[in-house]
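Here are the chains, one letter per residue:
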Amino acid sequence: MIKVFGHTSPDTDSTGSPIIWAWYLNEVRKTPAQAVLQGEPNTEALWMLNRWNLPKPQIIADVAAGDQCVIVDTNNPAELPASLDQAEVIEIIDHHLLAGGIKTRMPINITIRPLACTATIMHDLIGEDMARAPEGVKGAMLTCILSDTLEFRSPTTTAHDRAVAEKLAADLGITIADYAAQMFAAKSDISAFSDEALLRTDSKEYELGGKQLRITVLETTAPQVLLARKDALIAAMPRVAAEDGADEVLCFIVDILREEATLLIPNDFVRLLAERSFGVPVSGDTVVLPGVMSRKKQIIPVLAL
């Protein structure tokens, strides 16, 4: 049984894409496969599962020797199981930069394309067999694309991502604006999350100048709810950094509707990093970054010490 999984702290794309590809392997390629997750999915991903009556994939802590694996929505070893080198990776499907560091036992299929969403790539790879896909698979695919593109607001959005989403929405009889509003409302409900859990939600590890950073992006249509917890989030950052082996936590609160990010400023290091990276003066414990919405395209590439 092939295990299909994405990155740790699974967002919507890393929850939906394993389901999509496991369906394709099982139903089209006739190869037994199972979608699994590395952690609890976020609130938007849970909403997607409920909306399309999709069972929540099993959560795994690691892989074992002999496991066959397909990796989706990442190729970064820091976001993958600790024992991956003992398993057999047979395929990678991703839309992030090539991180390097994964060693395979034999030549494999690797598909990395400059699109906003892994699900868009899967739509293309599945091709004509998409006609066989059940509503749940199409619904997951649409949700992934709208999530990763922030309903086409993100600068990572391509014309092809939009065209695929519009085709899926038409097939499903869905109005994109109404559907996306429901998605983002679910994503914005953070009432059940502790401060530490929030700082680990949609979070990536990144090294900069010898510093290990945990870069968290919290996308919401209700930024005031998160900003009301600003002091508690800042107080939790040293604990999260210490427990996760990071030097600093960067937390960006992305306002989907206003298309801007607010970076929390817990200390002088983050203040200097913000000033040098984004060219803005910082005087308090937050700084607003107009137009910044994408970690992949607008945050990580510009970080500078």
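Residues numbered from 1 in each chain as written. Predicted model: local features only at pLDDT ≥ 70, side-chain atom pairs only at ≥ 80, totals over all residues. Heavy atoms only, no water.

K.L.:
For this particular structure, what's the right way to read the pattern of salt bridges?
P.N.:
Two side chains with opposite charge may pair up if their charged atoms get near one another. For the structure shown, the criterion picks out 22 salt bridges. In this structure, R214 engages E205 in a salt bridge whose closest nitrogen and oxygen atoms are separated by 3.6 Å. In this structure, the salt-bridge partner of E260 is R258, at a minimum N-O distance of 3.2 Å. A residue is classified by how much of its surface remains accessible, and E260, at 16% relative accessible area, is buried. Relative accessible area serves as the criterion here: at 60%, R258 is assigned to the exposed category. (Salt bridge = Lys/Arg side-chain N within 4 Å of Asp/Glu carboxyl O. Buried < 20%, exposed > 50% of the residue type's maximum accessible area, 1.4 Å probe, protein only.)

K.L.:
How do you make sense of a nonpolar patch on the surface when you look at a structure like this?
P.N.:
Where nonpolar side chains cluster on the molecular surface, the patch consists of L98, I110 and I112 and spans about 290 Å² of accessible area. Relative to the assigned elements, I110 resides in strand β6 (residues 109–112). (Patch = residues over 30% accessible without salt bridge, like charges linked within 9 Å, V, L, I, M, F, W, Y side chains within 5 Å. Areas by Shrake-Rupley, 256 points an atom, 1.4 Å probe, with all protein chains shown as cover. Helix = DSSP H or I, 4+ residues; strand = E, 2+ residues; numbered from the N terminus.)

K.L.:
Would you mind showing me how to read the domain arrangement of the protein chain here?
P.N.:
The parts lose accessible area when they come together, and the size of an interface is often stated as this lost area. If you check the domain split of the protein chain, you get domain 1 (2–188) and domain 2 (195–302). For domain 1 versus domain 2, the distance between C-alpha centres works out to 25 Å. The partner domain 2 presents 18 residues to the 20 residues of domain 1 that form the contact. Counting the surface lost from both domain 1 and domain 2, the interface buries some 1,600 Å², and carbon and sulfur atoms represent 54% of this. Broken down residue by residue, the surface that domain 1 buries against domain 2 is led by L150, R153 and P155, which jointly contribute 33%. The interface formed by domain 1 and domain 2 includes two salt bridges. Across the contact surface, domain 1 and domain 2 share eight residue pairs in polar contact (both at pLDDT 80 or more). The element that contributes the greatest number of residues to the side of domain 1 that touches domain 2 is helix α6 (residues 176–188), accounting for three residues. (Domains from an automatic or database assignment. Contact = heavy atoms within 4.5 Å. Buried area = accessible area lost by both parts, 1.4 Å probe. Polar contact = N/O pair within 3.5 Å; in protein donor to acceptor, adjacent residues only side chain to side chain.)

K.L.:
Looking at this model, I keep getting lost on the sheet that holds strand β1 (residues 2–5). Mind explaining?
P.N.:
The strands making up a sheet associate through hydrogen bonds between their backbones, and the pairing can be parallel or antiparallel. One open sheet holds the six strands; their spatial order is β3-β2-β1-β4-β5-β6, and the pairing between them is parallel. The open sheet has two edge strands with one neighbour each: β3 (58–59) and β6. Lying over the sheet, helix α1 (residues 12–27) contacts β1, β2 (33–37), β4 (68–72) and β5 (88–94), oriented at roughly 175° with respect to β2. Lying on the sheet, helix α3 (residues 118–126) is in contact with β4, β5 and β6; it crosses β5 at an angle near 105°. (Pairing = 2+ DSSP bridges. Axes fitted to C-alpha atoms, helices over the stretch in contact; angles between N-to-C directions.)

K.L.:
What is the right way to read the sheet that holds strand β9 (residues 248–255) from this model?
P.N.:
An order of β7-β8-β9-β10-β11 is seen for the five strands of this open sheet, with the pairing classed as mixed. Each having just a single partner strand, β7 (203–208) and β11 (286–290) make up the two edges of the open sheet. When strand polarity is set aside, the average angle formed by the axes of neighbouring strands in this sheet is 25°.

K.L.:
Explain the UniProt feature "domain: DHHA2" (unreviewed entry) in the protein chain here, please?
P.N.:
Using the residue numbers shown here, the UniProt feature "domain: DHHA2" (unreviewed entry) corresponds to residues 180–305. Along residues 180–305, the helical share is 40% and the strand share 27%, with 37 Å between the first and last C-alpha atoms. (UniProt positions renumbered as here; feature names shortened; annotations may be inferred.)

K.L.:
Explain the layout of surface pockets to me, please; I cannot follow it from the model alone.
P.N.:
One water molecule sets the probe size; rolling that probe over the atoms shows where empty space is left. Taken as a whole, the largest pocket encloses approximately 880 Å³ of empty space. If you list the elements that add at least two residues to the lining of the largest pocket, you get α2 (43–51), α4 (135–149), α6, β7, β8 (211–220) and α11 (295–299). Along its surface, the second largest pocket is lined by S9, P10, D11, E40, P41, N42, F193, A197, R200, T201 and D202. In the lining of the second largest pocket, the residues fall into four nonpolar, three polar and four charged. A domain-level breakdown of the lining of the second largest pocket finds at least three residues from each of domain 1 (2–188) and domain 2 (195–302). (1 Å grid on protein atoms, 1.4 Å probe; cavity = no way out; pocket = protein on both sides within 12 Å on 5 of 7 lines; lining within 4 Å. Points joined across faces, edges and corners; volume = space filled by probe spheres on them. Nonpolar A, V, L, I, M, F, W, Y, C, P; charged D, E, K, R; others polar.)

K.L.:
Just to check I follow, could you spell out α4 for this structure?
P.N.:
Three or four residues apart is the spacing at which side chains of an α-helix point the same way, because the helix has 3.6 residues per turn. For α4, spanning 15 residues, the distance from its first C-alpha to its last is 21 Å, which sits close to the expected 21 Å at 1.5 Å a residue. Among the 15 residues that make up α4, 14 are buried, leaving the element largely enclosed by the rest of the structure. Phi for L150, located one or two positions after α4, is positive at around 50°. (Expected span 1.5 Å × (residues − 1).)

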